[in-house]
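Given next are the chains, with one letter for each unit.
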Amino acid sequence: MPRILVVDDEPQIGQMLTRVLETEGFQVTAASNGQQALQLIQLAEYDLVIADWKMPVMSGLSLLQRVRVMQPRLPVMIITGFASIDSAVEAMKLGACDYLCKPFGRDELLKRVHSILQKRSVNQLDEHCAGAVHQRIGLESVIGVSQELADVLSKVKQVAPTESTVLVTGETGVGKDLIARLIHQLSRRADKPFVSINCAAFPEQLLESELFGHVKGAFTGATADRIGLIQEAHGGTFFLDEIGAMPLGVQAKLLRVLEDHTIRRLGENQTITADVRIIAATNHDLLRAIAQRHFREDLYYRLNVVSIHVPPLRARRSDIPLLAEFFLQRYSRRDGKPIRGIEPEALRVLLAYDYPGNVRELKHIIEQAVAVCTDPLITVSALPLRVRELAWQKLALGQAPAEHQTNSASIPRLEVLAARERALIQDAINRHRGNLDQAARELGISRVTLWRRMKKFNLSAR
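Residues numbered from 1 in each chain as written. Predicted model: local features only at pLDDT ≥ 70, side-chain atom pairs only at ≥ 80, totals over all residues. Heavy atoms only, no water.

Glancing now at the overall build of the protein chain. Broken down by element type, the protein chain carries 19 helices and 16 strands. By the burial criterion, 48% of the 462 residues in the protein chain qualify as buried. Pairs at least 24 residues apart make up 71% of the contacts formed inside the protein chain by residues separated by at least 6 positions. By element, 50% of the accessible surface of the protein chain is carried by carbon and sulfur atoms, the whole surface being about 23000 Å². (Helix = DSSP H or I, 4+ residues; strand = E, 2+ residues; numbered from the N terminus. Buried < 20%, exposed > 50% of the residue type's maximum accessible area, 1.4 Å probe, protein only. Contact = heavy atoms within 4.5 Å. Areas by Shrake-Rupley, 256 points an atom, 1.4 Å probe, with all protein chains shown as cover.)

Going through the model one piece at a time under the given rule, you end up with five aromatic pairs. On the basis of an interplanar angle of 70 degrees and a centroid distance of 5.2 Å, the ring pair of tyrosine 300 and tyrosine 301 is categorised as edge-to-face. Among the residues examined, tyrosine 300 registers a relative accessible area of 11% and is labelled buried. With a centroid separation of 4.8 Å and an interplanar angle of 75 degrees, the aromatic rings of tyrosine 353 and tyrosine 355 are classed as edge-to-face. If you follow arginine 3 out to its NZ or CZ, it ends over the ring of tyrosine 46, 5.2 Å from the centre. The ring of tyrosine 331 is capped by arginine 330, whose NZ or CZ atom sits 5.9 Å from the centre of that ring. (Phe/Tyr/Trp six-rings, centres within 6.5 Å; stacked < 30°, edge-to-face > 60°. Lys NZ or Arg CZ within 6 Å of the ring centre and 35° of its normal.)

Once that is clear, we can look at the sheet that holds strand S13 (residues 277-282). One open sheet accounts for five strands, arranged S7-S10-S13-S6-S14; its pairing is parallel. Edge strands, defined here as strands with exactly one partner in the open sheet, are strand S7 (194-198) and strand S14 (306-309). The mean inter-strand angle of the sheet, taken between neighbouring strand axes irrespective of direction, is 20 degrees. With four bridges joining them, strand S6 (residues 166-169) and S14 adopt parallel strand pairing. Bridge pairing in S14 links valine 166 to valine 306. Here helix H7 (residues 176-185) sits on the sheet in contact with S6, S7, strand S10 (237-241), S13 and S14, set at roughly 165 degrees to S13. (Pairing = 2+ DSSP bridges. Axes fitted to C-alpha atoms, helices over the stretch in contact; angles between N-to-C directions.)

Below, the discussion takes up the sheet that holds strand S4 (residues 76-80). Taken together, five strands build an open sheet; the order of strands is S2-S1-S3-S4-S5 and the sheet is parallel. Edge positions in the sheet fall to strand S2 (27-31) and strand S5 (98-101), since each of these pairs with one other strand and no more. This sheet shows a mean twist of 20 degrees between the axes of neighbouring strands, independent of strand direction. For strand S1 (residues 3-7) and S2, the ladder comprises five bridges, and the chain directions are parallel. Of the residues in S2, the one forming a bridge with arginine 3 is glutamine 27. Lying over the sheet, helix H2 (residues 34-43) contacts S1, S2 and strand S3 (48-52), oriented at roughly 140 degrees with respect to S2. Of the strands in this sheet, S1, S3 and S4 are in contact with helix H3 (residues 60-70), which crosses S4 at around 175 degrees.

A few words now on helix H18 (residues 436-443). An α-helical turn contains 3.6 residues, so a residue and the one three or four places further along point in the same direction. Listed in full, the buried residues belonging to H18 are Leu436, Ala439, Ala440 and Leu443. Taken end-on, H18 shows its buried residues confined to a sector of 100 degrees, consistent with a single buried face. Its side-chain oxygen at 3.2 Å from the backbone nitrogen of aspartate 437, asparagine 435 defines the N-terminal cap of H18. (Arc of directions from axis to C-beta. Polar contact = N/O pair within 3.5 Å; in protein donor to acceptor, adjacent residues only side chain to side chain.)

Any two side chains of opposite charge can pair, on the condition that their charged atoms come close. Scanning the entire structure with this criterion turns up 17 salt bridges. Linking glutamate 108 and arginine 112 is a salt bridge whose minimum nitrogen-to-oxygen distance equals 2.7 Å. A residue pair is termed a helical-turn pair when its members lie 3 or 4 positions apart in one helix, as glutamate 108 and arginine 112 do in helix H5 (residues 106-137) at four residues. One network of salt bridges, with partners in common, ties together Glu24, Arg106 and Asp107. (Salt bridge = Lys/Arg side-chain N within 4 Å of Asp/Glu carboxyl O.)

Attention shifts here to the environment of glycine 25. With respect to the secondary-structure elements, glycine 25 resides in the loop between helix H1 (11-23) and S2. On the accessibility criterion, glycine 25 (29% relative accessible area) is partly exposed. Each C-alpha atom of the pair glycine 25 and arginine 3 lies 9.8 Å from the other, and the pair is 22 residues apart in sequence.

Turning to the packing of H2 against H3, a few remarks are in order. One can describe the packing of H2 onto H3 by two numbers: an axis separation of 10 Å at closest approach and a directional angle of 15 degrees. For the element pair H2 / H3, the angle class is roughly parallel. Regarding H2 and H3, the two cross each other, and that crossing is right-handed. Between H2 and H3, the contacting residues are Gly34, Ala37, Leu38, Ile41 and Gln42 on the first element and Leu63, Arg66, Val67 and Met70 on the second. Per-class residue counts for the contact of H2 with H3 are six nonpolar, two polar and one charged. (Parallel < 35°, antiparallel > 145°, perpendicular 65-115°, else oblique. Left-handed = near helix turned anticlockwise from the far one by under 90°. Nonpolar A, V, L, I, M, F, W, Y, C, P; charged D, E, K, R; others polar.)

Inside soluble globular proteins, nonpolar side chains tend to come together where they are buried. Among the nonpolar cores identified, the biggest contains 61 residues, and Leu5, Val7, Leu350, Leu362 and Ile378 are the most heavily contacted of them. Sorting elements by how many residues they give to this core places helix H13 (residues 320-335) first, with eight residues. Beyond its immediate stretch of four places on either side in the chain, valine 7 contacts Ala31, Asn33, Gly34, Ala37, Val49, Ile50, Ala51, Asp52, Met55 and Leu63. Counting 32 residues, the second-largest nonpolar core is a separate cluster that includes Leu207, Leu255, Leu286 and Leu299. (Core = buried A, V, L, I, M, F, W, Y, C linked by side-chain atoms within 4.5 Å.)

Mapping histidine 214 onto the fold places it in strand S8 (residues 213-214). Note on histidine 214: relative accessible area 7%, which makes it buried. Within the structure, the side chain of histidine 214 is placed 2.7 Å from the side chain of serine 209, a separation counted as a polar contact. In contact with histidine 214, not counting residues within four places along its chain, are Ser209, Phe219, Ala222, Ala224, Asp225, Arg226, Arg265 and Leu266.

Take a look at the structure:
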């Protein structure tokens, strides 16, 4: 049966809700305040949270915000005796699934609860089906609930069935290769090859040979005929990653592929038909490269028939909890570690960090945290020190995105953060009895960085 968490500081109300819901067959757990509720959510899975608006220490809205960060898919219904249109709108904007005014009858409560749980079941079924599709096409890493990602996937769905050339742009680590693979898998060429190359990984002559192939004797070391990667992708999709790094001489030959769908191997005069769809990706400003004469303008317009920009992770922070959970499950299973989640303070740090390396960097952060964590939940101390420092600075200065901040009173001051960092370092040194190599490894930093922090805080290894 569905599990429901009831949160109300008035014992009579909590007991009444528990009794009504248990009579209906639900499994009910009661909490008297928001902090207790958060602890219970970390320890067990729930299908619905029913929380009172007005509570001491942590209001129902503050609890709602924390739950939305910890478990975005967990529905929260707010109940209140101080009803108004403004308060209802505020609750729904913050992500409440429903809003119920006191006093309410038994039938009204059960009607709302059944409606919420039915909708949750439908959503879980949809997610299960979508997950099955992702698993089938190998795209389980395309994860997120943000509107920004939804816009990208909507455009992918529109352009995939066409034969248009696509230019995917975005910073390093955002997942441009995944978008290219998704376009291929949703296209009419899905049963044909998907071949890719990183243009920045090869010098000009070798890149030309990789792309178009060569015949025996075409250059020194060409001891046999070789088919190029474009020819290998015949009938399918060819993905050119880091297209901005392609030399001008090779760009001219690629333009021929786009214009007449033919290639010519090095050392050969005969042309070969190349039925491929081209998808290119770059993290460079190609218009600036054109102005600097590093990129051909005619090639740019042939590649940029359809443009898809993948936003950086800092621009879609609501995807961070889901991505972190996905990577946590992957690496905890791989390493055989019974880690079941991320503690709220650690998640708060992850949400405040800006990720210059985007999704790839988040993956590496979680992998490291799983490797060093000895608790059932990922703690703040398991995160890399540089991530903690930058996130704490933003939180202390009130620079974290508003939708992920808690009450300003709970944001630690810089002095408190420094004291916390000092204590973490001293604890690690004490635990390893002055062995700085082991202490640095636990903290996720180099020995040099540890020595600098010790000097800053006037710490000793003894």
